[in-house]
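Analysis of the macromolecular model
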Amino acid sequence: MGKVIVITSGKGGVGKTTSTANLGTALAMIGKTVVMVDADVGLRNLDVVMGLESRVVYTSMDVFEKRCELYKALVKDRRVEDLMLLAASQRNRKDDIKPEQMQEVCEKLKQEYDFVLVDSPAGIEQGFRNAAAGADEAIIITTPDLSAIRDADRIIGLLQNQEIQPINLVLNRLSPALVKKGNMISKNDVLDFLNIDLLGVVPEDTGVIASTNRGIPLVHNAGSQGAEAYMRIARRMTGQRVPIPEMREENFFSHVANWFSRNK
Amino acid sequence: MENSIVKLRGYKDGLHLIINPKVSLPEIETAIQELLGEMNQPLAGTSIHIDMRPPIFTSEDLNNLETHLTEKYNLVVSGVNVFDEENESPILAAPATHSISQSLAADNHPDFEHAHIVRQMIRSGQTTSCLTGSVIVYGDVNPGGEVVAAGDIIVLGALRGSAHAGINGRLTSVIIAMELIPLQLQIGSYVNRPPIGEKPRGYPEIARVGAEDIIIVEEFIKF
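Residues numbered from 1 in each chain as written. Chains lettered and ligands numbered in written order. Predicted model: local features only at pLDDT ≥ 70, side-chain atom pairs only at ≥ 80, totals over all residues. Heavy atoms only, no water.

Another aspect to go through is the overall build of chain B. For chain B, the helix and strand inventory stands at three helices and 16 strands. Burial statistics for chain B: of 223 residues in total, 47% are counted as buried. When contacts within chain B are restricted to residue pairs at least 6 apart in sequence, long-range pairs at least 24 apart make up 36% of them. Looking at chain B as shown, the accessible area adds up to about 11,400 Å², and 53% of this sits on carbon and sulfur atoms. (Helix = DSSP H or I, 4+ residues; strand = E, 2+ residues; numbered from the N terminus. Buried < 20%, exposed > 50% of the residue type's maximum accessible area, 1.4 Å probe, protein only. Contact = heavy atoms within 4.5 Å. Areas by Shrake-Rupley, 256 points an atom, 1.4 Å probe, with all protein chains shown as cover.)

In structure tokens:
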């Protein structure tokens, strides 16, 4: 039996959907069976980021209202084995779903898949409650800015009330150069503040924008810093011990140093 | 926030609601609604003084105003000051003689030694309170989190949120934290906040009401 993990943040725009798409793809790449559930009813995006928009025929709403079987609503990603998407309805609103319906679907999915990743909407209202309803564990995505960290703190409190455990942190869009200059909150300060376990750090990577627009998750493009970070996180999610590397700063000198070390 | 009918000012003995008594009570209530509606800090539980110039209200009007403030905004009226027309000093400082203020007199609960212990950190949106004694938190209090106690507040971690000790008016209450970098501190009716951008000092600190009637913060060595 697999587990249901809700991917959430409180604040919008910190990378929940991007992280869900990349972690889902990365887990499938390392041989796990994965289904990604878009819980952002009315503002669905996961299908777009995954490049599966045109193949969505049925949505989770059709499943909840018994218009179609659960397995029929799952869209298969043809680029990797065993990666499915359950899209959200765009015509409905978040209050049209009850937490129990979500719970029931998650319960069924985890019987057959290793990982059920639920992409939560921003906010702490009904949409978030639905997304968290069926979750066993949670991954909090935050960026190193104060408002995102505050919202993450609020969300952690709410998840703890629901006894969702463990709650792990992914620190997204960290820029080592800015931290060094003292213009960005450091990883350690974020961890000190939120007091939960760190699952991984994803560096700022401009490749994300291009990959979102093309509908190809970053992890397909092996070698980029972001892709490698997501692959490491996926391995940690499967229980492997992968150390979190200290982020290096990318500048002229590090390029020169890399070039020399590569040519040794 | 300028309002010709009512003004809210903070003095060293707490918040004062300054009222122009030449207008009728309903107008004053509307003006209060406008004034308090604009404030983003919740004032619930705070005690305030009413300041006014002659002509003074009838005691019935005053009574109605106090009830209004208590019921609608959960404010505690701790006194009524009447000012001279010309000068700013009060000529008559009449203590409010109504049941609300009396029931909230300081040290009403002798049981301040009793403490509520919180064995986890307090995150944004979470509140912990003990209305009969003190609160001890085994962890941090993050911004957006709030601790309220009738007695003392002790945080065995970083206090980054808000703390209100002595909520019933016990001014001997103290707030102690391993790292005291709060958004706001209140002891009784006194409010204090550290300068913006304050960094942790690296030692425990204590906040208490000092001789000057302001909240002072100093290194906590021993009591």
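Further remarks concern the interface of chain B and chain A. On the chain A side, the residues contacting the nine residues of chain B number twelve residues. Buried area between chain B and chain A, summed over both chains or domains, comes out near 890 Å², and the portion from carbon and sulfur atoms is 40%. Contact with chain A buries surface across chain B, with Arg123, Ser124 and Pro143 of chain B losing the most and accounting together for 51% of the total. Across the contact surface, chain B and chain A share two salt bridges. Residues aspartate 192 of chain A and arginine 160 of chain B are paired through a salt bridge, measuring 3.5 Å at the closest nitrogen-oxygen approach. Along the contact surface separating chain B from chain A lie seven residue pairs in polar contact (both at pLDDT 80 or more). Here the residues of the side of chain B that touches chain A sort into two nonpolar, four polar and three charged. (Buried area = accessible area lost by both parts, 1.4 Å probe. Salt bridge = Lys/Arg side-chain N within 4 Å of Asp/Glu carboxyl O. Polar contact = N/O pair within 3.5 Å; in protein donor to acceptor, adjacent residues only side chain to side chain. Nonpolar A, V, L, I, M, F, W, Y, C, P; charged D, E, K, R; others polar.)

What follows is about unusual backbone geometry. At the junction of glutamine 165 of chain A and proline 166 of chain A, the peptide bond is cis and its omega measures out at 0 degrees in the coordinates. In the Ramachandran plot, aspartate 213 of chain B falls in the positive-phi region, its phi being about 65 degrees despite a non-glycine side chain. Mapped onto the elements, aspartate 213 of chain B comes out in the loop between β15 (205-209) and β16 (215-219). The class of aspartate 213 of chain B is partly exposed, set by a relative accessible area of 30%.

Below, the discussion takes up the nonpolar core. Residue and element names in this part refer to chain A. Judged by nonpolar contacts, the single largest core of 48 residues is most densely connected at Leu86, Leu109, Val118, Ile140, Leu159 and Leu194. Among the elements that take part in this core, helix α7 (residues 146-161) stands out by supplying six residues, more than any other. With near-sequence residues (within four places) excluded, leucine 86 lies in contact with Val35, Met36, Val37, Asp38, Thr59, Ser60, Val63, Leu70, Ala73, Leu74 and Val105. Of all hydrophobic cores here, the second largest spans 35 residues; its members include Ile5, Leu23, Ala28 and Ala234. (Core = buried A, V, L, I, M, F, W, Y, C linked by side-chain atoms within 4.5 Å.)

Our next topic: helix α6 (residues 126-133) of chain A. Counting buried residues in α6 of chain A gives six out of eight residues, a clear majority hidden from the surface. Listed in full, the buried residues belonging to α6 of chain A are Gly127, Phe128, Asn130, Ala131, Ala132 and Ala133 of chain A.

Here the focus is the pairing of β15 of chain B. Residues and elements named next belong to chain B. Most of β15 sits out of view: four of its five residues are buried. By the bridge criterion, three bridges tie strand β12 (residues 175-180) to β15 in an arrangement that is antiparallel. Directly across from isoleucine 175, in β15, lies its bridge partner alanine 207. Sheet topology note: the β15/β16 ladder contains five bridges and is antiparallel. (Pairing = 2+ DSSP bridges.)

Moving on: the confidence of the model for chain B. Interpreting fine coordinate detail is not advised for predicted regions of low pLDDT. In this model, chain B carries a mean pLDDT of 78, and residues with pLDDT of at least 70 account for 75%. Note on residues 84-109 of chain B: pLDDT under 50 across the span, and 46 contacts to partners over four residues away in sequence or across chains. (pLDDT = per-residue confidence, 0-100.)

Residue and element names in this part refer to chain A. Using the criterion set out here, one finds two cavities of 30 Å³ or more in the structure. When its volume is computed, the largest cavity comes out at roughly 50 Å³. If you go around the largest cavity, the residues you meet are Asp38, Ala39, Val41, Ser60, Lys94, Ile97, Met102, Gly127 and Asn130. Its volume calculated, the second largest cavity comes out at about 30 Å³. (1 Å grid on protein atoms, 1.4 Å probe; cavity = no way out; pocket = protein on both sides within 12 Å on 5 of 7 lines; lining within 4 Å. Points joined across faces, edges and corners; volume = space filled by probe spheres on them.)

Taken as a whole, the largest pocket encloses approximately 950 Å³ of empty space. Lining the largest pocket we find 28 residues, and of these Leu146 and Arg150 of chain A together with Arg160, Ile181 and Glu198 of chain B sit closest to its centre. Listed by contribution, the elements that provide at least two residues to the lining of the largest pocket are α7 and α9 (187-194) of chain A. Element by element, the count of residues in the lining of the largest pocket is highest for α9 of chain A, at four residues.

Another aspect to go through is a nonpolar patch on the surface. Residues and elements named next belong to chain B. On the surface, Ile117, Tyr138, Leu156 and Met178 cluster together into a nonpolar patch covering about 330 Å² of accessible area. Tracing the backbone shows leucine 156 in strand β10 (residues 153-159). Exposure remark for leucine 156: the relative accessible area of 43% places this residue in the partly exposed category. (Patch = residues over 30% accessible without salt bridge, like charges linked within 9 Å, V, L, I, M, F, W, Y side chains within 5 Å.)

Now for the state of the cysteines. Each disulfide consists of one covalent bond between the sulfur atoms belonging to two cysteines. Residue and element names in this part refer to chain A. Applying the stated criterion across every chain yields a total of zero disulfides over all chains. Cysteine 68 provides the cysteine sulfur closest to cysteine 106, a residue in no disulfide bond, and the two sulfurs are 16 Å apart. Assessed through its relative accessible area of 1%, cysteine 106 is described here as buried. (Disulfide = S-S within 2.5 Å.)

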